[in-house]
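Residue-level structure breakdown
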Amino acid sequence: MQLAIAALIALLPIINPFSTAPMFLAITEGDTDAERRDQARKAVIYMICILVAFLIGGSFIMKFFGLSLPGLRIAGGILVAGVGMRMLYPRDDAGQTAAERQESRRKRDVSFTPLAMPSLAGPGAISVTIGLTSLARGWLDFISIIIGILLAAAVVYITLRLSTRLVRVLGVNGLHAMTKIMGFLILCVGVQFIVNGVVEVAQSPELIEGIIREIDAAREKKAP
């Protein structure tokens, strides 16, 4: 359960359902409550499938491309920190053209895109999910992480279903403030990922042995 809770805590700020709620309301404008419930349910299911697929197949992808966990942590940390910075200092129309926004509004089924990907299961959430594989030592650990993903999905679904009430309670300024808070947390998570990756590289036996060999070689050259 500790691993499941850790997965929930790591994923929830990255997924940030509070920032997705206004978009969900916008692209489902004019839909009935039943249609919005169906869109939210399918988006959450797609999100679970995407994250679980990367959780299970992420290690095979890393082996195929020769990637290391420290390198993945650093790259994921840079990516996640960038997401946090964009949330703290948003740009107008970032990531979507006017035609894409209009097209997303015209689509009847918006559950997979833009809801599930890239809003919910975006690059940041995928990077965190792959990074969580470093904590797994067996299938039971993978099941625990999947439970964490399911818990995060439940929070996302509840948030999307209550998004209309959230807008009424928090207001536009409240949602913006919540997005800023989530952005700061995401930035902190990204920086910590980078720190952890650098520390792992610095503590790797190969690097330490290489440094020792270089020191010994330098001493031998200076010796009379």
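In what follows, the structure referred to is the one given above.
Below: a short report on this structure. Note that the structure is predicted; figures quoted are calculated from it, not measured. (Residues numbered from 1 in each chain as written. Predicted model: local features only at pLDDT ≥ 70, side-chain atom pairs only at ≥ 80, totals over all residues. Heavy atoms only, no water.)

**Describing the packing of aromatic side chains**
Each pair of aromatic rings is reported with the distance of its centres and the angle of its planes. What the rule picks out here adds up to two aromatic pairs. With a centroid separation of 5.2 Å and 85° between ring planes, the pair formed by Tyr-46 and Phe-112 is classed as edge-to-face. Pair noted here: Tyr-46 is in helix α3 (residues 33-65) and Phe-112 is in helix α6 (residues 111-120), with a separation of 66 residues, a long-range link. Assessed through its relative accessible area of 31%, Tyr-46 is described here as partly exposed. Its relative accessible area of 39% is what places Phe-112 among the partly exposed residues. Aromatic pair Trp-139 and Phe-142: ring centres 5.7 Å apart, planes at 45°, arrangement tilted. In this pair, Trp-139 and Phe-142 are both assigned in helix α8 (residues 139-161), three residues apart and thus about one turn of the helix distant. Taking the relative accessible area as the measure of exposure, Trp-139 reaches 65% and is therefore exposed. (Phe/Tyr/Trp six-rings, centres within 6.5 Å; stacked < 30°, edge-to-face > 60°. Helix = DSSP H or I, 4+ residues; strand = E, 2+ residues; numbered from the N terminus. Buried < 20%, exposed > 50% of the residue type's maximum accessible area, 1.4 Å probe, protein only.)

**What to know about the pattern of salt bridges**
With the rule as written, the count across this model stands at two salt bridges. For Asp-38, the salt bridge identified is with Arg-41, shortest N-O distance 2.5 Å. Residue Asp-38 and its partner Arg-41 are located together in helix α3, separated by three residues, close to a single helical turn. What makes Arg-41 partly exposed here is its relative accessible area of 39%. Linking Lys-42 and Asp-38 is a salt bridge whose minimum nitrogen-to-oxygen distance equals 3.6 Å. Here Lys-42 pairs with Asp-38, and both are found in helix α3, just four residues apart, close to one helical turn. Overall, Lys-42 belongs to the partly exposed group, its relative accessible area being 23%. Among the ionic contacts, a cluster of salt bridges with common partners joins Asp-38, Arg-41 and Lys-42. (Salt bridge = Lys/Arg side-chain N within 4 Å of Asp/Glu carboxyl O.)

These figures come from the coordinates and say nothing about function on their own.
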